[in-house]
Every structure is written in C-alpha cells, then in structure tokens.
Amino acid sequence: MQTVTETINNMNYNSAKMEPMTRDEVLKRLEPISGTKMKAVETTPRTKVSFTPDAIILQPGSGGKLVPISKEGLTSLANYVGVSTQMITRLNDNTASTVLSELLQKKGSYVYHTKDDTVLSFYPDTKRIFVPVDRVVATIEKAVPDAAYIRTMVDENNVVYIEMMGERRAPVNGSLLQNDIIAGGAFVAFSPMGTIKPVVRSYCLRVACTNGMITPVKAFGFEFGGNDGDSVWQWFRDSIRKAYQSVTKIAGDFSAMTAEKIQPSDRAALLESMMHQAGIKDEIADALRAQAIERPPDSSWDMTNLISFGTSHLMNDEKPKRLLKAMNSISGYIGGARHNRECPMCHRSGRIVKHEPRSDEVVINPGS
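Residues numbered from 1 in each chain as written. Predicted model: local features only at pLDDT ≥ 70, side-chain atom pairs only at ≥ 80, totals over all residues. Heavy atoms only, no water.

Enquirer: Could you give an account of the overall build of the protein chain, with specific residues and numbers?
Expert: Along the backbone of the protein chain there are 15 helices and 12 strands. Classification of the 368 residues of the protein chain by burial places 53% in the buried group. A fraction of 69% describes how many contacts in the protein chain between residues 6 or more apart in sequence connect residues 24 or more apart. (Helix = DSSP H or I, 4+ residues; strand = E, 2+ residues; numbered from the N terminus. Buried < 20%, exposed > 50% of the residue type's maximum accessible area, 1.4 Å probe, protein only. Contact = heavy atoms within 4.5 Å.)

Enquirer: Which residues make up the packing of aromatic side chains, and what are the values?
Expert: For the structure on display, the rule yields seven aromatic pairs. For the ring pair Tyr110 and Phe122, a centre distance of 6.0 Å and an interplane angle of 35° mean the geometry is tilted. Of this pair, Tyr110 sits in strand β5 (residues 109–115) while Phe122 sits in strand β6 (residues 118–123); the two residues are 12 residues apart in sequence, bridging distant segments of the chain. Assessed through its relative accessible area of 4%, Phe122 is described here as buried. Taking the centre distance of 5.6 Å and the plane angle of 65° together, the rings of Phe224 and Trp235 count as edge-to-face. One end of the pair, Phe224, is in the loop between β12 (221–223) and α8 (232–245); the other, Trp235, is in helix α8, and 11 residues separate them in sequence. Overall, Phe224 belongs to the buried group, its relative accessible area being 5%. The exposure class assigned to Trp235 is buried, which follows from its relative accessible area of 15%. Positioned above the aromatic ring of Tyr80 is the side chain of Lys107, whose terminal nitrogen or guanidinium carbon lies 4.7 Å from the ring centre. Lying over the aromatic face of Tyr244, Arg168 brings its terminal NZ or CZ to 5.4 Å of the ring centre. (Phe/Tyr/Trp six-rings, centres within 6.5 Å; stacked < 30°, edge-to-face > 60°. Lys NZ or Arg CZ within 6 Å of the ring centre and 35° of its normal.)

Enquirer: I'd like to hear about the pairing of β5, residue by residue, with values.
Expert: Burial analysis of β5 places six of its seven residues in the buried class, which makes it a mostly covered element. Examined bridge by bridge, strand β1 (residues 37–42) and β5 share six bridges and lie antiparallel to one another. Residue Val41 lies in a different strand from β5, and its bridge partner there is Tyr110. Pairing analysis gives five bridges linking β5 to β6, with the strands arranged antiparallel. Bridge pairing in β6 links His113 to Ser121. The hairpin turn running from β5 into β6, its antiparallel successor, is two residues long, and Asp116 in that turn takes a positive phi close to 55°. (Pairing = 2+ DSSP bridges.)

Enquirer: So, the environment of His113: which residues are in play, and what are the values?
Expert: For His113, the position within the fold is in strand β5. Overall, His113 belongs to the buried group, its relative accessible area being 9%. In this structure His113 touches Thr36, Lys37, Met38, Thr118, Val119, Leu120, Ser121, Tyr123 and Met193, once residues within four positions along its chain are discounted.

Enquirer: So, the packing of helix α10 (residues 267–278) against helix α13 (residues 320–335): which residues are in play, and what are the values?
Expert: Relative to each other, α10 and α13 sit at 130°, their axes nearing to 8 Å. As summarised for this structure, α10 and α13 are arranged oblique, according to the angle between their axes. In this structure, α10 uses Leu270, Met274, Gln277 and Ala278 to contact α13, whose residues at the interface are Lys325, Ala326, Ser329 and Tyr333. When its residues are assigned to classes, the contact of α10 with α13 shows five nonpolar, two polar and one charged. (Axes fitted to C-alpha atoms, helices over the stretch in contact; angles between N-to-C directions. Parallel < 35°, antiparallel > 145°, perpendicular 65-115°, else oblique. Nonpolar A, V, L, I, M, F, W, Y, C, P; charged D, E, K, R; others polar.)

Enquirer: With reference to specific residues and values, describe the pairing of strand β3 (residues 56–59).
Expert: In this sheet, β3 lies alongside strand β2 (residues 48–51) in antiparallel orientation, the contact comprising four bridges. From the neighbouring strand, Phe51 faces β3, where its bridge partner is Ile56. Turn length for the β2-β3 hairpin, with the two strands adjacent in sequence and antiparallel, is four residues. Pairing of β3 with strand β4 (residues 67–69) involves three bridges; the strand directions are antiparallel. Counterpart to Ile56 in the pairing with β4 is Ile69.

Enquirer: Outline helix α9 (residues 247–257), supporting the account with residue identities and numerical values.
Expert: Inspection of α9 places Val247, Ile250, Ala251, Phe254, Ser255 and Met257 among the buried residues, and these make up the whole buried set. The buried residues of α9 occupy one face: seen down the axis, they fall within an arc of 155°. (Arc of directions from axis to C-beta.)

Enquirer: Go over the nonpolar core with me, naming the residues and quoting the values.
Expert: Among the nonpolar cores identified, the biggest contains 48 residues, and Ile182, Phe254, Ile280, Leu288, Met303 and Ile307 are the most heavily contacted of them. If one sorts the elements of this core by residue count, α13 sits on top with seven residues. Not counting residues up to four positions away in its chain, the partners in contact with Leu288 are Leu271, Met275, Ile280, Leu306, Ile307, Phe309, Gly310 and Leu314. Formed by 29 residues, the second largest nonpolar core is a distinct cluster that contains Ile140, Ile162, Met164 and Val188. (Core = buried A, V, L, I, M, F, W, Y, C linked by side-chain atoms within 4.5 Å.)

Enquirer: Hey, could you go over the pattern of salt bridges for me, with residue numbers and the actual values?
Expert: Taken as a whole, this structure holds 12 salt bridges when the rule is applied. With a closest N to O distance of 3.1 Å, Arg23 and Glu141 form a salt bridge. Linking Arg23 in helix α2 (residues 23–29) with Glu141 in helix α7 (residues 133–143), this pair joins segments that are 118 residues apart in sequence. On the basis of relative accessibility, which here comes to 23%, the residue Glu141 falls in the partly exposed class. For Arg241, the salt bridge identified is with Asp238, shortest N-O distance 3.7 Å. Of this pair, Arg241 and Asp238 both sit in helix α8, separated by three residues, roughly a single helical turn. You can call Arg241 partly exposed: its relative accessible area is 30%. Put simply, Lys261, Arg267 and Asp298 are held in one network by salt bridges that share partners. (Salt bridge = Lys/Arg side-chain N within 4 Å of Asp/Glu carboxyl O.)

Scope: geometric values only; no functional claims are made or implied.
See below:
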C-alpha cells in the first residue's frame, strides 16, 4: 500500500497552492471578474439606445455617460425588454432604436453590466448589492491589517470566495501534537454581480501541523441583511473583525473535541460516513483512507483535521460548489452535538444526525 506522501504526490493536487498570497496576487487571480461593474439606473425620457455605423450606444438616463453595447449585450437587451434579436436585426437602425428605447424606458429601472467600459448584459433592478473585488480586499485589510490570503475561488454564478488569516493565534489544549496552534481568519463570500448577499464566516488555519491543513468554515457567521450598498462596507468591517477575533472561542471548542475519543473499531465507519456526507470520493477518499491507516485519528479533533485535509489540499479549487459542500458538512460535524460525533450506531448506519444551525452559524450556499 502507498504511504500518504506517495498517494498525495501521485495526484494532480498539491499543497503548494495553499501558500499565502499577497494582495497583488489576489487581485491578479481575480482579474477576470474584478473588472466587472454593475450599475442600477432609473430610466428617463432621455434613456436611449442608438445605432451608428460603428457601434450600438446606450444612454442610460439623464446625464448618464454614453456606453457602447456589445453584440451579446444587444442580445441580452432584446431578451430583457421582450423582443427577439432576429426581429431587431430585421429593422432599420432608426426603428430598432425607437423600439428598444421605448421598451427600456417602460422598465422604469434596470441594471446593466459592463466590462472594459462595454455593456455585456441587462438585468431587472432587484436591489442587489454589487460588491467590487478591489474594495472588498481593501476592506479586509482595514479590518485585519496583517491579512494574508490563503485561497480565492470564483464559481459559475459569479460568486467570489476569499479565505484569509491574520496574526492572531490560539492553542488547542489537549491535542496530541505539541504546540497545536490555530490562526484566526475569515471566509468571505460575495458577488460583484449581486448574485448573493455578502457572507462572512470564521476561518481557522492549523499552523502547527506540518501540512498546514485548514479547518473548515464554522460558526460565528454573518449574512448582510440590508439593501443599502453604502452600509455594506461597515457591515463587512465589523463582521470580518468578529469572525477573526472568534479564534479563541473556536480553539476552546476544538480543545473540548480532543477529549472525545474514537474507538478503533469505529474509525472506519466514521470516516466513510463523513466522506459520504461531504461528497469526498474517488482518489481523494483513497488518500484520506491511506492517511487514516498511517496516522489513525484518535479523537473528534483528529477526525476533523483528517477530513479538512481533503478540503485544504486535495480538492480542486476550480470546483467551488464541491468544496463548499464538503466544508459545510464538516462545519455541521463540528457544530453538532457530541453524541452525533461519537455515536457508533449513527455512523455505522451511514447517517449523521444533522444539527440545527446555531444562531451564530451561517451556511454558505453558491449563488443562484
């Protein structure tokens, strides 16, 4: 049988990507979406779509800057106002301009999406909160001046996920590993296109472990409940600080988990059940099984770190939904009652009794 190191080295995943990133590296990695801008507009009689020999131009409203509309933007506009693109292309320029302008004015308000100062799409004005990437990063650094970035992801629904940590540390007492220390941080989810309301949750990095495994996001979560695009920034600063400062309380929870011993006869059933709940399978599951044989998990704390090793190093961060499912599942294991973690019958039957979310716990779901 392969050793853990051999198993992991033979996979297409590596832990080097978990090295902290600088602010510039984060912005560069998120560059494809960071240039996205969304603007909500109230229509006026001056709202107009014009066709010229060189371009299609949007005048958003009174005094609005003229913006060119791309080919896909024209298709989006036609769909938004309720006509077919084929019909628009059959009309002469003046008639097409009149039809689109009048239908857009009747909407009363709308949102348009630009990149590189060109309109790509149109949406209903549903009072979404548009959160630019660069401003989120700047806000993180105001809340945690010593912030280091661990991982960034973007899903197909234009939701951005940032994992960061600071210099605050707390010990996990009772761990078999000497000087078992976790670093505090925050997990931030938001969308420049407003597909979700911003969410912040606590986040911890196990710095004493040689593989630097990360504990999943867990309690102390906050979801923005307002509709004011200005107040969201104070909410971000306050929520990130609270999540970051929760590391001492979380370390206390982890310390208690070191006393929850796992019987050797129950380890395999517990591991299989947790991997099933987390959606961890195939070669990633094989790597975790190999690690469990080489270094058997003795407590709930050990099992938590074994499973979270999969979310830290082995799961491809180009599949955020898969990662979020695993991280939320592990968070449920941590936040659940002790009985749910220890009961052999629950795990042998392949069912973990799901806990009711705590008042301070927020489950992060991908955008819709």
